[in-house]
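# Structural characterization, general
Read off the chains here:
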Amino acid sequence: MPEGHVLHRLAHRFNAEFRGQPLSVTSPQGRFPEAALVDATVLEQADAIGKHLFLHFSNGHIIHIHLGLIGHFTFEDLDNFRGQIRLRVANREQAANLRGPQWCRLITDDDYARVCEKAGEDPLRDDASPDAVFARVRRSRRTIGSLLMDQQLYAGVGNIYRAETLFRQGISPFRAGRDCSLGELRAVWDDLVELMRIGVSRGRIDTVRDEHSPEAMDRPPRKDDHGGEVYVYRRAGDPCYVCGTPIASAVVEGRNLFWCPDCQGE
């Protein structure tokens, strides 16, 4: 499932290339007939919180999109109608085509407020205020690995950022939230902010420090569908770049968890 940086990157592109102009908004697939209600209106703002993307239009309507596991936007030529396009947003130069989302729906301002209120704190939003999250985590018996995936706490953080920031901070994913210090939680948050901003900028998840890059270590670059250079994610059995210990993995709460038993030992 795309992590939060993907949605923020989409919002940035919509604002840069589609905002402030009348747009053609359609549903070639026919499964989002509400598109007609915003067709020929102006996109006033796109924004994201966690894994949710919102397109705000000049007539007061808001399109709410959750990509889910397979959803994706592609920016294509105006004559490209291939595939099952749930939503098509077009200006005079290009079309943003949405395929396979978990949902695409029209919502009101009140609906938007409820989604934002329910969501946790998003490391990519300037209005994020994580102190209340830290307090909840420090009262919890749940593991920090589980808590970081809770979208009502850390909005937009997914499996990759969860694994990578815990490795970078030397924290076991199995440590209870209540056993994490406030300083550790602030360090995790600051690291998420840094890493996710890099994700927005580059369009991929890179988490390795300069001294562990392919060039510095004279190793081949990583080849993976997710792209980017990482420490532990999908590296089960490979040697840790820091200590050489084989990276461990386990299925926890239905998701694959990756960690270094040495660098992240209790």
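Note that the structure is a prediction, hence the values are computed from the model and not measured.

### A few points about the UniProt feature "domain: Formamidopyrimidine-DNA glycosylase catalytic" (unreviewed entry) in the protein chain
- Residues annotated by UniProt as "domain: Formamidopyrimidine-DNA glycosylase catalytic" (unreviewed entry) correspond here to residues 2-96.
- As annotated, residues 2-96 comprises 15% helix and 36% strand, and the C-alpha atoms at either end are separated by 17 Å.

### Section: the sheet that holds strand β6 (residues 85-90)
- Strand order across the open sheet formed by 4 strands is β1-β6-β7-β5, with antiparallel pairing between neighbours. Of all strands in the sheet, those with a lone pairing partner are β1 (24-26) and β5 (72-76), marking the two edges. Across the sheet, the axes of successive neighbouring strands diverge by a mean angle of 15°, strand direction being ignored.
- Across 5 bridges, β5 lies against strand β7 (residues 95-99) in antiparallel orientation. From the neighbouring strand, Phe75 faces β7, where its bridge partner is Ala96.

### Structural notes on the environment of Tyr161
- Mapping Tyr161 onto the fold places it in helix α5 (residues 159-168).
- Judged by its relative accessible area of 0%, Tyr161 falls in the buried class.
- In contact with Tyr161, not counting residues within four places along its chain, are Glu3, His5, Leu192, Leu195, Met196, Gly199 and Ile205.
- Among the polar contacts listed, one links the side chain of Tyr161 to the side chain of His5, at a separation of 3.5 Å.

### Examining the pairing of strand β3 (residues 52-57)
- Burial within β3 is extensive, with 6 of its 6 residues counted as buried.
- Burial along β3 is two-sided: the residues His52, Phe54 and His56 and Leu53, Leu55 and Phe57 are all buried.
- Across 6 bridges, strand β2 (residues 43-49) lies against β3 in antiparallel orientation. Its bridge partner lying in β3, Ile49 is registered against His52.
- Taken together, β2 and the strand that follows it, β3, pair antiparallel across an intervening segment of 2 residues, in which Gly50 is found at a positive phi of about 60°.

### A short note on the pairing of strand β9 (residues 248-252)
- The pairing of β9 with strand β10 (residues 255-259) spans 5 bridges and is antiparallel. Residue Ala248 lies in a different strand from β10, and its bridge partner there is Trp259.
- Where β9 folds back onto β10 in an antiparallel hairpin, the turn is made up of 2 residues, including Glu253, whose phi is positive at roughly 55°.

### Quick look at the nonpolar core
- Counting 36 residues, the largest nonpolar core has Ile144, Tyr154 and Leu192 as its most contacted members.
- Breaking this core down by element, the ones donating at least two residues are α3 (131-137), α4 (144-147), α5 and α6 (182-202).
- Ranked by residues supplied to this core, first place goes to α6 with 8 residues.
- Non-local contacts of Tyr154, meaning those with residues more than four positions away in its chain, are made with Glu121, Val133, Phe134, Val137, Leu147, Leu148, Leu185, Trp189 and Leu192.
- Leu10, Val25, Ala46 and Ala48 belong to the second largest nonpolar core, which has 25 residues in total.

### Comments concerning the packing of helix α1 (residues 4-17) against α6
- Viewed as axis vectors pointing N to C, α1 and α6 meet at an angle of 45°, and their least axial separation amounts to 8 Å. As the angle between them shows, α1 and α6 are arranged oblique. Taken as a pair, α1 and α6 cross one another with a handedness that is right-handed. Residues Gly4, His5, His8, Arg9 and His12 of α1 lie in contact with α6, whose contacting residues are Met196, Gly199, Val200, Ser201 and Arg202.
- For the contact of α1 with α6, the class distribution of residues is 2 nonpolar, 6 polar and 2 charged.

The rules behind the values
- Every chain is numbered independently, its residues counted from 1 as its sequence is written.
- Only residues with pLDDT of 70 or above have their local features reported here, since the model is predicted, and side-chain atom pairs are shown and tallied only from 80 upward, although totals for entire chains, interfaces and linings are computed over all residues.
- Here the side-chain values reflect all heavy atoms present in the structure, with hydrogen atoms and water set aside.
- UniProt positions are given in the numbering used here, feature names are shortened, and annotations may be inferred rather than shown by experiment.
- Secondary structure elements follow DSSP: runs of H or I of four or more residues count as helices, runs of E of two or more count as strands, with numbering from the N terminus.
- Only strands joined by at least two bridges in the DSSP assignment are considered to pair.
- Inter-axis angles, ranging from 0 to 180 degrees, are taken between N-to-C directions of lines fitted to C-alpha atoms, where helices are fitted over the stretch in contact.
- Exposure is judged per residue with a 1.4 Å probe applied to protein chains only, and the accessible area is read against the type maximum: over 50% gives exposed, under 20% gives buried, and values in between give partly exposed.
- Contacts are assigned to residue pairs that have any heavy atoms within 4.5 Å of one another.
- Contacts described as polar in this section are N or O atom pairs within 3.5 Å, which, within protein, must combine one atom able to donate a hydrogen with one able to accept it, while residues neighboring in sequence count only if both atoms come from side chains.
- Put simply, a nonpolar core is a bunch of buried Ala, Val, Leu, Ile, Met, Phe, Trp, Tyr and Cys residues held in one set by side-chain atoms that sit within 4.5 Å of each other.
- Oblique is the label for any angle not under 35 degrees, not over 145, and not in the 65 to 115 range, which are roughly parallel, roughly antiparallel and roughly perpendicular in turn.
- In a left-handed crossing the near helix is turned counterclockwise from the far helix by less than a right angle, and in a right-handed crossing that turn is clockwise.
- Basically, the charged four are Asp, Glu, Lys and Arg, the nonpolar ten are Ala, Val, Leu, Ile, Met, Phe, Trp, Tyr, Cys and Pro, and anything else, Gly included, counts as polar.

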